[in-house]
Amino acid sequence: MKKVRYVYGLTSALLVGGATVSLITGQPAGAQVAQNDDRVMSQVVPRAGAPASFADLTEQLQPAVVNIATRQRVEVNRNPFQGTPFADLFNRRRGGTPAQPQTREAQSLGSGFIISADGFVVTNNHVVAPNDRATLEEITITMPDGTEYEAELVGADAASDLAVLKIQSNDNFPFVRFGDSSEARVGDWVVAIGNPFGLGGTVTSGIVSAVLRNTGQGGAYDRYIQTDASINRGNSGGPLFDMQGNVIGINNAIFSPSGGSVGIGFAIPAEIAAPIVDQLKNGQEIERGFLGVSIQPIDDDLADSLGLPRNRGEFVQSVQEGRAADQAGIQAGDIVTKIDGKDVTSDQTLSFLVANIAPGTDISVELLRDGQRRTVNATVGKRPSEEELRQEQMFDPDSEQEMTPQESDGTIEEKLGIQVLELTPQIARRLGADADTSGLVIGAVDPNSDAGRKGLRRGDIILSANYEEVSTIEDLLARINEAEADNRDALLLRIQRRGQPPRYLPVRLR
């Protein structure tokens, strides 16, 4: 799966001959009719609604589809160890002068569409959202006739990958409306208009290949309209139209081994996008339901072992302490089959169902535990922000996410070869420790240090140093200073690792 930073287009691919098509006789697809002892295929006729041309529809819709360009300022740090525990060591070896970051300009291109006469524009969040080291400086909207306008970001939602912009002008603009994507059927004609590769207004057509396609990427919004459209870079954020000129999807991603279109494109359904767009447009906070579970789909082997039907339910791998699922009594190993009376399936995942329930709502959760079906009641919590979720996940030893350095004077990094952060209840839960555990969590380890050679690793918790509890960075610094004052060459740490009893480990000072 590749997020196409821009918008996509669609190509029609009609395959004729041997296809299962309707017959004028009304016989089932592929049927044959006997006439005078000769087996003759009846004439193939196109399904009603297949247009001879998309020209009239395009002429009406294209004025509301725009090109979006952004200018960003990206910070480039010249310290090769930036973001690691050893950045300060590099600076000190340069005489204590930090390597000054440089900046460069970056640009992005994408598509969008106007949804109101006063100039509100919908696009993908990834078209306009800068990365962590960049600052968004300018957004330019280019109309099909070449007229350019400045725009401001009104609201963005990373979870659904949607953003709303406002054109800075008092002009009246042509606009389009959302349709009802729930009425889309496999085989329906669709038209996409966008700006692939910055070429300007480009129109493509195709059919709906699948509805509510789950790509396996996970998350509450892994539900797309799949098309055989030719989706390419620059099309991200552009509209997918039905034959009535309604927006039924927002082009978002492609499946491509090579980076180019292979005829498998994905669009965010309008039924998901429209309510979020309304909230962003009105400056409202996007609130989503949250249970606090880690889940995985039911595969064939698991279904066979439990006697479950395929395409039903999701397996609970872990439950976050103190969250809604934990309070409701849901346990790791449970199979959740229904949420508030709705089946959990691959097309209607637990994440999607819960995310679309207002926080504070009481719901029933049907599950299978030890072969027995049971129902528990849960009060849906509020989904934490993406930043809060990252803070919880970045100390998972299996996670590859970068950690955020915590300010210190560099002594711990220099003397022990580790970076530590203070242990919060959220991080403790993520590491499988009690929420009231007191200590420091290791965020990174220099593999060339004694700590690294002795197997200390990210996610280990330091409970004490030289038999004294350490709950703050200052505590550990004090133990290091005391050891050096007593001419000791090592520090005795008590380490807690997930799933193991605490142990003592002497680590040599450098």
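Computed from a predicted model, the values in this text were never measured in an experiment. (Residues numbered from 1 in each chain as written. Predicted model: local features only at pLDDT ≥ 70, side-chain atom pairs only at ≥ 80, totals over all residues. Heavy atoms only, no water.)

Visitor: Looking at this structure, I do not really get the confidence of the model for the protein chain. What am I missing?
Guide: As a general rule, the predicted coordinates of low-pLDDT regions are not to be interpreted in detail. Summary statistics for the protein chain give a mean pLDDT of 79 and a share of 75% for residues scoring 70 or more. Within the model, the stretch residues 397–407 combines pLDDT values under 50 with 30 contacts to residues more than four positions away or in other chains. (pLDDT = per-residue confidence, 0-100. Contact = heavy atoms within 4.5 Å.)

Visitor: Please explain the packing of aromatic side chains as it appears in this structure.
Guide: The geometry of an aromatic ring pair comes down to the distance between the two centres and the angle between the two planes. Applying the stated criterion across every chain, the model contains 5 aromatic pairs. In this structure, K166 packs its charged tip against the face of F120, placed 5.7 Å from the ring centre. Sitting over the ring of F352, R223 keeps its end group 3.7 Å from the ring centre. (Phe/Tyr/Trp six-rings, centres within 6.5 Å; stacked < 30°, edge-to-face > 60°. Lys NZ or Arg CZ within 6 Å of the ring centre and 35° of its normal.)

Visitor: Explanation requested: a negative patch on the surface in the structure shown.
Guide: A cluster of like negative charges, contributed by E321, D326, D434 and D436, occupies part of the molecular surface. Mapped onto the secondary structure, D436 falls in the loop between α10 (425–430) and β25 (440–445). (Patch = residues over 30% accessible without salt bridge, like charges linked within 9 Å, V, L, I, M, F, W, Y side chains within 5 Å. Areas by Shrake-Rupley, 256 points an atom, 1.4 Å probe, with all protein chains shown as cover. Salt bridge = Lys/Arg side-chain N within 4 Å of Asp/Glu carboxyl O. Lys, Arg positive; Asp, Glu negative; His and termini not counted. Charge placed at Lys NZ, Arg CZ, Asp CG, Glu CD. Helix = DSSP H or I, 4+ residues; strand = E, 2+ residues; numbered from the N terminus.)

Visitor: Would you mind going over unusual backbone geometry with me for this structure?
Guide: Most peptide bonds are trans, and most residues other than glycine sit at a negative phi. We note that D161 has phi near 60°; this positive angle belongs to a residue other than glycine. Considering the arrangement of structural elements, one finds D161 in the loop between β8 (148–157) and β9 (162–167). One non-glycine residue, L212, adopts positive backbone phi at about 55°. Take L212: it is sitting in strand β11 (residues 202–213).

Visitor: It is not clear to me how the side chain of S181 should be interpreted in this structure. Could you clarify?
Guide: As for its position among the elements, S181 is in the loop between β9 and β10 (189–194). Judged by its relative accessible area of 5%, S181 falls in the buried class. Within the structure, S181 has its side chain in polar contact with the backbone nitrogen of E271 (distance 3.0 Å). Excluding residues within four positions of it along the chain, S181 makes contact with I225, I248, P269, A270 and E271. (Buried < 20%, exposed > 50% of the residue type's maximum accessible area, 1.4 Å probe, protein only. Polar contact = N/O pair within 3.5 Å; in protein donor to acceptor, adjacent residues only side chain to side chain.)

Visitor: Sorry if this is basic, but what is going on with helix α4 (residues 270–281) here?
Guide: Side chains three or four residues apart in an α-helix point the same way, a direct result of the helix having 3.6 residues per turn. Taking 1.5 Å of rise per residue, the 12 residues of α4 would be expected to cover 16 Å, and the 15 Å separating its terminal C-alpha atoms lies within 8% of that figure. Every buried residue of α4 is listed here: A270, I272, A273, A274, I276, V277 and L280. Against β6 (120–123), β8, β9, β14 (247–254), β15 (265–269) and α7 (350–355) lie the buried residues of α4. G283, located one to two residues past α4, shows a positive phi value of around 75°. (Expected span 1.5 Å × (residues − 1).)

Visitor: Is there a simple way to explain the nonpolar core in this structure?
Guide: Among soluble globular proteins, nonpolar side chains are generally buried collectively. Membership of the largest hydrophobic core comes to 52 residues, with the highest contact counts inside it found for L291, I339, L350 and V365. For L350, the contacting residues outside a window of four places in its chain are L291, V293, I295, E314, V336, I339 and V344. Of all hydrophobic cores here, the second largest spans 22 residues; its members include L416, V420, L491 and L493. (Core = buried A, V, L, I, M, F, W, Y, C linked by side-chain atoms within 4.5 Å.)

Visitor: In this structure, what is going on with the pattern of salt bridges? I would like to understand it.
Guide: Side-chain pairs of opposite charge can arise whenever the charged atoms involved come near each other. Across all of its chains, the model carries 13 salt bridges by this definition. One salt bridge in this structure joins D446 and R510, with 3.2 Å as the shortest N-O distance. In this pair, D446 is assigned in the loop between β25 and α11 (450–453) and R510 in the segment after β29 (503–508), connecting sequence segments 64 residues apart. With a relative accessible area of 12%, D446 lands in the buried category. For R497, the salt bridge is made with D460, and the minimal N-O distance between the two is 2.7 Å. Separated by 37 residues along the polypeptide, R497 in the loop between β28 (490–496) and β29 and D460 in the loop between α11 and β26 (461–465) bring together distant segments of the chain. One network of salt bridges, with partners in common, ties together R71, E137 and E138.

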